[in-house]
Amino acid sequence: MGGALPHRLPTAYRAAARGALRVTLTAAAGFYVLLYGFDSAVAATYALFGAIAMAGLSRLPGSGRQRAAVLLGVVPVCWVLITLGTYLSVRTWSAVIGMLVVGFALAFMAVGGPRFAGAATGLQLMYILPSFPPYDPGSLGERLGGATFGLVLLIVAEVTLLPEPAALPYRERAARAAEGAADCADLLRQAPYALPEAVLRGARTLSTGLRSSQVPDAERPAGAGMRARALAHTGLATRTLLERLAVMPPPARRATPSGAAGQPGPEGVDPLRAVADVARETAARLRGEAPDGRAHALLRQVRVALAAAEGTSPAELRRNAALLEVADAALAMSTAADIAVRGRAADPPAPGRFWYARMRAPSLWWRRLSGHVGGRSVFFQNAVRISLALAAARLIAGIDTLPHGFWVLLATLTLTRTTVRETRRTERIALTGTLVGALVAAALLALVGTDIEVYAVALPPLMLVTFTLGPVKGVGWAQALFTVVVALVFAQLAPATWQLAEFRLLDVLTGSAIGAVFGLLAWPRGAHDELRRSAAVLLRIAAEIVVATTAQMAAGGRRVPVVTAPGHRSLQHALILAESAYAQYQSEPKGRGQPSGGQDWQAALIAGHHTLWGADRLLVPPEPMVVPPLGSEAAESVVRAGDRVAAGMLLTSARMDPTGDTPETAATPLPVRASTLSSITAAVAADPPGAPRAYYATVSWLANLKADLVRLAGDDVATADGATSLAGPADRAEAVPEGGPADRDEAFPDTGPVDRGGATPDAGPTGRGGATPDAGPADRDGASS
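*Asks:* Tell me what's going on with the overall build of the chain, and back it up with residues and numbers.
*Replies:* Assigned secondary structure in the chain consists of 26 helices and three strands. Looking at the chain residue by residue over its 785 residues, the buried ones come to 60%. Carbon and sulfur atoms form 62% of the exposed surface of the chain, whose accessible area is close to 28,800 Å².

Pasting the structure below:
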């Protein structure tokens, strides 16, 4: 049936028309059956607005079956919300308190991912609807029955009516990327020991396909549960593996064919061959097969052998350090995929980076929620803003006894944006559209009078037009058409005059004013200021970690896998907040594009992830071990290079968020100078004689961070010293909507707040709720490779 719509229509109109047809048939069928068949105006109202709330105002992601599954879980939540709204509405003070608490909870649920964020606006409406006259708890049964009937019809329509083709699952995307990594590893085992340009382009495509910006909302592993975290971790590790393979240095000249790298594993096993086998084993597991895990076990042995292998030349030691990075990424990918597929039945992983595999779902959800409780989280800011506005709107509607006060809250809910500038713009357009719609509705009501049959016949086609044009043409059209729809609905419920349109305009004006006031009082600039602060804090913490890590590497000591690197939790939390702010910033219409100075915000996130990854890899080995101290020359070289990298991060931090005492002439601080970056290379240019393997591993990490500083300085160079990176300029500049807790260049899962810009009738303040820089909300201790 997917081809039933004319292909001459533009894609946007075809997509909107499919959704409009489903919501129109569902809402109209429920309304007419209950109103004219069972003579129940209350049940008919709830059936109609239940369908409109969850299909017209909400934007549930995924195919029809995926949306239907979400709606099945939403039904009992709607029962609770309708019951609470019915009993709390009897008194104004209880209704206001309930609106404040429930409004915050429903808005804050966006931290749970795209599905939660997409349903938030509709669920708000399901609570708002019973909060107004008639205050009749005795009609609760009719209310619940009508809403249930409408939602059941909607579930059936989602499954059967014009279903969309299913999107490529994230597990299959990860499996294809793992196979690509296996092919790259095989190519690197033979001369010329480098990947051809065509293979690099293919690897870049596979890596980009795992970015949350390239993954449909419903397929993003955005949840707080163990499997979702593990799947996001799988994507991160796979992308890391692809990038590490792309920059693999060639083997030393004296390498033998059996070793292919000069550092053979147990029984002469080629490390790259073991990596390729693990990657293919991972792909098979992600596709539902049950491999025996031998490749994973063998690679662990190979990694131990690599860590103990002796090297005599700097080239061999650099190659060894690169092979260890590749092996670590492949093992992380394999372990995460095993957890994602088998859950608690997976082989128990070592503590540390897979901490979430040992925790129950309530604890994981608590970590996520608690990580975003505070004024620095844009999810918390949005929830506070909308809950206060709704509570104020309910108070005003209750005190003044506004006719149809329900519309006041609906306007507040759907017209408030994340920035005061965009709120003003949206409300100006919405009020213009509402005025036009009110004039049309008033004329229609005056001409037709009480002829209900005319309204009954006109309602379905008008709803179809409304929900088709609204998402495409914008909030002005949506408000104008929806105003006429509301008039036709209420004219069938009770005798109505042209004054009904006047009430609608008055209520929308009141709700818009309330939304504008709270948009001005509560974080009026949206994510702009928060992004500057959070990115600056991120780099300051990263600088501290760089200094601490290089100092520990120089001093040596015992390393165990049960602890994280110094500052891990602080940096992870800073990353989560920065990624959430970046996601919302990208979604705000006035926030698109680069700020003054051309700051590459996503490059700062990449630097944070690289710092986190490298510090953990250097200081948290998979097995307990004792690392001897570096020699005096090597220690001095590493510490000096780390200090200069940290200095570059601090300078960039000041550029992103100048402090209050910054001189006026330095309002836009100078970028990191080329001389500063060159000094980092100079610090490690001469290999100290007898430098151990740990020295080269640390130098490799600092070189990657230097490349990140080049990006942060506004340079087009993607990597330092001619290295090739899979993250091209297009990747870095791409605006990302959503992200997860552990994506290297973007936050993942948890779709963050999005400002939809009023694409639908009374479109919600956070739209489909899916933002995430490629970064989604995670938790304070989010998973990281």
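*Asks:* Quick one: what's the story with helix H25 (residues 693–712), residue by residue and with numbers?
*Replies:* Taking 1.5 Å per residue, 20 residues should reach 28 Å; H25 reaches 29 Å between its end C-alpha atoms and fits that length. For H25, the buried fraction is high: 17 of the 20 residues fall into the buried class.

*Asks:* Provide a residue-level description of the packing of aromatic side chains, including the pertinent values.
*Replies:* Enumeration according to the criterion identifies eleven aromatic pairs in this entry. Plain terms: the ring middles of Phe49 and Phe406 are 5.6 Å apart, the flat faces sit at 75° to each other, and that makes the pair edge-to-face. One end of the pair, Phe49, is in helix H2 (residues 41–57); the other, Phe406, is in helix H15 (residues 406–415), and 357 residues separate them in sequence. The exposure class of Phe406 is buried, given its relative accessible area of 7%. In textbook terms, an aromatic cluster arises when at least three aromatic residues are bridged by ring pairs, as seen for Phe31, Tyr32 and Tyr36. A cation over an aromatic ring shows up here: Arg504 above the ring of Trp407, its NZ or CZ 5.7 Å from the ring centre.

*Asks:* With reference to specific residues and values, describe a nonpolar patch on the surface.
*Replies:* A cluster of nonpolar side chains, Trp93, Ile97, Leu100, Val101 and Leu388, forms an exposed patch at the surface whose accessible area comes to about 480 Å². A per-element tally of the nonpolar patch places helix H4 (residues 92–108) first, with four residues. Summarising the element assignment, Leu388 is placed in helix H14 (residues 378–400). On the basis of relative accessibility, which here comes to 36%, the residue Leu388 falls in the partly exposed class.

*Asks:* Which residues make up the packing of helix H1 (residues 11–37) against helix H6 (residues 140–160), and what values go with them?
*Replies:* Following both chains from N to C, one finds H1 and H6 inclined at 145°, their axes separated by 9 Å at the closest point. Relative to H6, the crossing made by H1 is right-handed. Contacts from Arg22, Thr26, Ala29, Gly30, Val33 and Leu34 of H1 reach H6 at Gly146, Phe149, Gly150, Leu153, Leu154, Ala157 and Glu158. By residue class, the composition of the contact of H1 with H6 is seven nonpolar, four polar and two charged.

*Asks:* Account for the packing of H1 against helix H18 (residues 475–493), naming residues and giving values.
*Replies:* Helix packing geometry: the angle between the two helix axes and the distance between the axes. In contact at an axis separation of 11 Å, H1 and H18 are set at 15° when each is read in the N-to-C sense. Judged by the angle between their axes, H1 and H18 are roughly parallel. Handedness of the crossing formed by H1 with H18: left-handed. For the pair H1 and H18, the contacting residues are Phe31, Tyr32, Leu35 and Tyr36 in the first and Val489, Gln492 and Leu493 in the second. Per-class residue counts for the contact of H1 with H18 are six nonpolar, one polar and no charged.

*Asks:* So what's going on with unusual backbone geometry? Which residues, and what values?
*Replies:* Going from Ala191 to Pro192, the amide bond is cis rather than trans, its omega being 10°. Looking at where Pro192 falls in the secondary structure, it is placed in the loop between helix H7 (170–187) and helix H8 (197–208). The residue Asp39 is not glycine, and still its phi comes out positive at about 55°. Note on placement: Asp39 falls in the loop between H1 and H2. Judged by relative accessible area, Asp39 falls into the exposed class, the value being 69%. With phi around 60°, Tyr193 is a residue other than glycine that occupies positive phi space. By secondary structure assignment, the location of Tyr193 is in the loop between H7 and H8.

*Asks:* Would you mind going over the pattern of salt bridges in detail, with residue names and values included?
*Replies:* By the definition in use, this model includes 22 salt bridges. In this structure, Asp277 engages Arg273 in a salt bridge whose closest nitrogen and oxygen atoms are separated by 3.5 Å. Here the residue Asp277 and the residue Arg273 both occupy positions in helix H10 (residues 271–286), the gap between them amounting to four residues, near one helical turn. Classification of Asp277 by relative accessible area gives partly exposed; the value is 29%.

*Asks:* Requested: an account of the environment of Gly118, with residues and values cited.
*Replies:* Tracing the chain through its elements places Gly118 in helix H5 (residues 114–128). Residues Gly118 and Leu60, 58 residues apart in the sequence, show an inter-C-alpha distance of 4.8 Å.

*Asks:* Could you give me a rundown of the side chain of Glu281, with the residues and numbers involved?
*Replies:* In this fold, Glu281 is placed in helix H10. Buried charge Glu281 goes without a salt bridge, the closest partner of opposite sign being Arg285 at 4.2 Å. A polar contact of 3.4 Å, which involves the side chain of Glu281, links it to the backbone nitrogen of Arg294. For Glu281, the residues in contact, after removing those within four places along its chain, are Pro291, Asp292, Gly293, Arg294, Ala295, His296 and Ser334.

*Asks:* Go over the nonpolar core with me, naming the residues and quoting the values.
*Replies:* In terms of nonpolar packing, the biggest core is built from 146 residues, with Ile52, Leu123 and Phe406 touching the most fellow members. Not counting chain neighbours up to four residues away, the residues in contact with Phe406 comprise Phe49, Leu125, Ile128, Leu129 and Phe132. Grouped together as the second largest cluster of nonpolar side chains are 59 residues, Tyr170, Leu272, Leu331 and Phe354 included.

*Asks:* Please provide a residue-by-residue account of the environment of Leu509, values included.
*Replies:* In this structure, Leu509 sits in helix H19 (residues 499–521). Between the C-alpha atom of Leu509 and that of Val408, which follows or precedes it by 101 residues, the distance is 7.9 Å.

*Asks:* Pulling in residues and values, what's your account of the confidence of the model for the chain?
*Replies:* Per-chain confidence: the chain averages 80 in pLDDT, with 80% of residues scoring 70 or above. Segment residues 255–262 is flagged for pLDDT under 50; beyond a separation of four residues in sequence, or across chains, it makes 15 contacts in the model.

*Asks:* Talk me through the environment of Met625; I want residue IDs and the actual numbers.
*Replies:* Relative to the elements of secondary structure, Met625 occurs in strand E2 (residues 625–627). Sequence spacing of Met625 and Gly557 is 68 residues, and the spatial spacing of their C-alpha atoms is 8.5 Å. With residues near it in sequence (within four places) discarded, Met625 still touches Gly557, Arg558 and Arg559.

Reading the values: rules and limits
- Counting from 1, residues in each chain are numbered in the order their sequence is written.
- Totals for whole chains, interfaces and linings use all residues, but because this is a predicted model, local features are given only for residues with pLDDT of at least 70 and pairs of side-chain atoms are given and counted only at 80 or more.
- Processing note: side-chain calculations cover all non-hydrogen atoms of the structure and skip hydrogens and water entirely.
- In DSSP terms, a helix is any run of H or I states spanning at least four residues, a strand is any run of E spanning at least two, and both are numbered starting from the N terminus.
- With a 1.4 Å probe rolled over the protein chains alone, any residue whose accessible area is under 20% of its type maximum counts as buried; one over 50% counts as exposed, and the rest are partly exposed.
- To be clear on the numbers: accessible area is Shrake-Rupley with a 1.4 Å probe, and residue cover counts the displayed protein chains and nothing else.
- To estimate the expected span of a helix, count its residues, drop one, and scale the result by 1.5 Å.
- The pairing test for Phe, Tyr and Trp rings, Trp by its six-membered ring, is centres within 6.5 Å, and the orientation test on the planes gives stacked under 30 degrees, edge-to-face over 60, and tilted for anything in between.
- Charges are assigned to positions over rings by a cutoff of 6 Å between ring centre and Lys NZ or Arg CZ, combined with an angular limit of 35 degrees from the ring normal.
- By definition, no residue in a patch forms a salt bridge, and every one has over 30% relative accessible area; like charges are joined within 9 Å, nonpolar side chains (Val, Leu, Ile, Met, Phe, Trp, Tyr) within 5 Å.
- For this document, the term salt bridge refers to a Lys or Arg side-chain nitrogen within 4 Å of an Asp or Glu carboxyl oxygen.
- Axis angles are defined between N-to-C directions and span 0 to 180 degrees, where every axis is a line fitted to C-alpha atoms and, for a helix, only to the segment in contact.
- Crossing handedness: left-handed means the near helix sits turned counterclockwise from the far one by under a right angle, and right-handed means the same turn made clockwise.
- Contact definition: two residues touch when any of their heavy atoms are within 4.5 Å.
- Throughout this entry, Asp, Glu, Lys and Arg are counted as charged residues, while Ala, Val, Leu, Ile, Met, Phe, Trp, Tyr, Cys and Pro are counted as nonpolar. The remaining residues, Gly among them, count as polar.
- Oblique is the label for any angle not covered by the other classes, which are roughly parallel (under 35 degrees), roughly antiparallel (over 145) and roughly perpendicular (65 to 115).
- By the counting rule applied here, Lys and Arg register as positive and Asp and Glu as negative, while His and the ends of each chain are not counted.
- Pairs of N or O atoms are called polar contacts if they sit within 3.5 Å, as long as, within protein, a hydrogen donor faces a hydrogen acceptor (for residues adjacent in sequence, only side-chain-to-side-chain pairs).
- What is meant by a nonpolar core is a set of buried Ala, Val, Leu, Ile, Met, Phe, Trp, Tyr and Cys residues, joined one to another through side-chain atoms within 4.5 Å.
- The predictor attaches a confidence to each residue, and that confidence, scored 0 to 100, is pLDDT.

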